[in-house]
Amino acid sequence: MFGRLNHVGVATPSIARAGEHYAALFGTEAVGTPFDLPEQGVKVCFVDAGNTQVELIEPLDDASPVAGFLQRNPAGGQHHLCFEVADLDAAIADLASRGVRALGPPRIGAHGTRIVFLHPRDMGGVLIELMEAPDGGH
Ligand SMILES: CC[C@H](C(=O)O)C(=O)SCCNC(=O)CCNC(=O)[C@H](O)C(C)(C)COP(=O)(O)OP(=O)(O)OC[C@H]1O[C@@H](n2cnc3c(N)ncnc32)[C@H](O)[C@@H]1OP(=O)(O)O
Ligand SMILES: [Co+2]
């Protein structure tokens, strides 16, 4: 059901500083232009990492879903994994039948496609994001 790893979400208190760090690792041209996603409460910056991306996320305010994570991890850290799926609604229904909770209804994510998050407690302690992709990630 899950397809390719679309991105690894990395929370950071400063996308400006994290961007410099990743530019030194992947090259300046790999670091995209940061943009705000106010409806998701985050500033986002994608770093091209070959066969996937690193998604740097910085809270826009204290109400951001990333704010709690940074209170627990002030320097930032690995936040979530995002996998592609062909049919998000079918994936949500199948996972629900296995007792895996979705965190709210699908919404539009940073790539402009429908996404949903799954509860970490139901996924072995890992926050998983599912992103609907035309080819289902295969
Ligand atoms: C959508 C735009 C963009 C994209 O790619 O398109 C993004 O990815 S934006 C990413 C930021 N947005 C989100 O993360 C939305 C979904 N997240 C949430 O709803 C919350 O972060 C939530 C519910 C996962 C955690 O909420 P909170 O930080 O308030 O902590 P809780 O005490 O409620 O946590 C409950 C439970 O989950 C564990 N936890 C929390 N965060 C993580 C994490 N990143 N990875 C793994 N586990 C996590 C926490 O330790 C608690 O576990 P417990 O068993 O109670 O110890
Ligand atoms: Co993400």
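In the nomenclature of an unreviewed UniProt entry, the protein is known as Methylmalonyl-CoA/ethylmalonyl-CoA epimerase of Aureimonas phyllosphaerae. If you open the UniProt record of the protein and go to Sequence similarities (unreviewed entry), you find "Belongs to the methylmalonyl-CoA epimerase family."

*Asks:* I keep staring at the sheet that holds strand β5 (residues 77-85) and nothing clicks. Help me out?
*Replies:* Picture the strands of a sheet paired through backbone hydrogen bonds; they go either parallel or antiparallel. If you trace the 8 strands from one edge of the open sheet to the other, you get β2-β3-β4-β1-β5-β8-β7-β6, paired in mixed fashion. Every other strand in the sheet has two partners, leaving β2 (35-37) and β6 (107-108) as the edge strands with one partner each. Where strand β1 (residues 5-11) lies against strand β4 (residues 53-59), 5 bridges are found, and the strand directions are parallel. Among the inter-strand pairings, H7 is bridged to a residue of β4, identified as Q53. This element, helix α1 (residues 15-26), spans β1, β3 (42-48) and β4 of the sheet and lies at about 165° to β4. Sheet strands in contact with helix α3 (residues 88-97) are β5, β7 (114-118) and β8 (128-132), and its direction is about 15° off that of β7.

*Asks:* Looking at this structure, how should I read empty space enclosed by the protein?
*Replies:* Any empty space left between atoms is shown by rolling a water-sized probe over those atoms. For the structure shown, the criterion picks out 1 cavity of 30 Å³ or more. The volume enclosed by the largest cavity comes to roughly 40 Å³. Lining the largest cavity are H7, F46, E55, G109, A110, H111, T113, I115, E129 and M131. Here the lining of the largest cavity is composed, by residue class, of 4 nonpolar, 4 polar and 2 charged.

*Asks:* I keep staring at the nonpolar core and nothing clicks. Help me out?
*Replies:* Among soluble globular proteins, nonpolar side chains are generally buried collectively. Grouped together as the largest cluster of nonpolar side chains are 11 residues: F83, V85, L88, A91, I92, L95, V100, V116, L118, I128 and L130. With 4 residues, the single largest contributor to this core is α3. The residues touching A91, leaving out its near neighbours within four places in the chain, are M1, V85 and L130. Formed by 10 residues, the second largest nonpolar core is a distinct cluster that contains V10, I15, A30 and L56.

Rules of the game
- Residues numbered from 1 in each chain as written.
- Chains lettered and ligands numbered in written order.
- Predicted model: local features only at pLDDT ≥ 70, side-chain atom pairs only at ≥ 80, totals over all residues.
- Heavy atoms only, no water.
- UniProt positions renumbered as here; feature names shortened; annotations may be inferred.
- Pairing = 2+ DSSP bridges.
- Helix = DSSP H or I, 4+ residues; strand = E, 2+ residues; numbered from the N terminus.
- Contact = heavy atoms within 4.5 Å.
- Axes fitted to C-alpha atoms, helices over the stretch in contact; angles between N-to-C directions.
- 1 Å grid on protein atoms, 1.4 Å probe; cavity = no way out; pocket = protein on both sides within 12 Å on 5 of 7 lines; lining within 4 Å.
- Points joined across faces, edges and corners; volume = space filled by probe spheres on them.
- Nonpolar A, V, L, I, M, F, W, Y, C, P; charged D, E, K, R; others polar.
- Core = buried A, V, L, I, M, F, W, Y, C linked by side-chain atoms within 4.5 Å.
- Buried < 20%, exposed > 50% of the residue type's maximum accessible area, 1.4 Å probe, protein only.

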